[in-house]
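Given next are the chains, with one letter for each unit.
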Amino acid sequence: MDNEHIIFVEDAELPYSDIVVTEGKYLFISGLVSEDLETRDEIYGTIEEETKILLDNLKIILEAHGSDMDHVVKADVIVTHWEDRHGMNEEYVKHFKPDRLPARICWGDVSISGESKVEMSFIATKK
């Protein structure tokens, strides 16, 4: 079975797929930041605000591609300031059931897109 490569906005300067679907059921989702899904403009705020917008967007993306938050199996998290991980975690756990938390790694003190405070990528399965 061929992989399906989904690109939200064609842009030669962004050489990646937003989602790669493998075996028809595994979703590999590239790094998301806090942004308006319509305009693709980044939205900056507190770490909690950015985390909420990012995870709300993830929910929309998953549902559009046959999945949901219960089917997220892995998350990679990057925060620009390591001390922000506490605020990120406070918001993060609101989006997953306690018995359905994804496997995860978190990196800190890393530069990411624009002025974003947090970026996350995910692996999920379809329902």
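Above this text sits the structure in question.
Reading the values: rules and limits
Residues numbered from 1 in each chain as written. Predicted model: local features only at pLDDT ≥ 70, side-chain atom pairs only at ≥ 80, totals over all residues. Heavy atoms only, no water. Helix = DSSP H or I, 4+ residues; strand = E, 2+ residues; numbered from the N terminus. Contact = heavy atoms within 4.5 Å. Pairing = 2+ DSSP bridges. Right-handed = clockwise from strand over helix to strand, strands pointing away.

S.K.: I'd love a proper account of the environment of Val 21, names of residues and values included.
M.R.: The residue Val 21 is located in strand β2 (residues 19-22) in this model. The spatial distance from the C-alpha of Val 21 to the C-alpha of His 5 is 6.5 Å, given a sequence separation of 16 residues. Excluding residues within four positions of it along the chain, Val 21 makes contact with Asn 3, Glu 4, Ile 6, Tyr 26, Leu 27 and Lys 126.

S.K.: Go over the pairing of strand β5 (residues 103-108), please, and point to the residues and values.
M.R.: Here six bridges tie strand β4 (residues 72-79) to β5, and the two strands are oriented parallel to one another. In the sheet register, Val 77 faces β5, and the bridge partner there is Cys 106. Note that the unit made of β4, helix α2 (residues 85-92) and β5 has a crossover that is right-handed.

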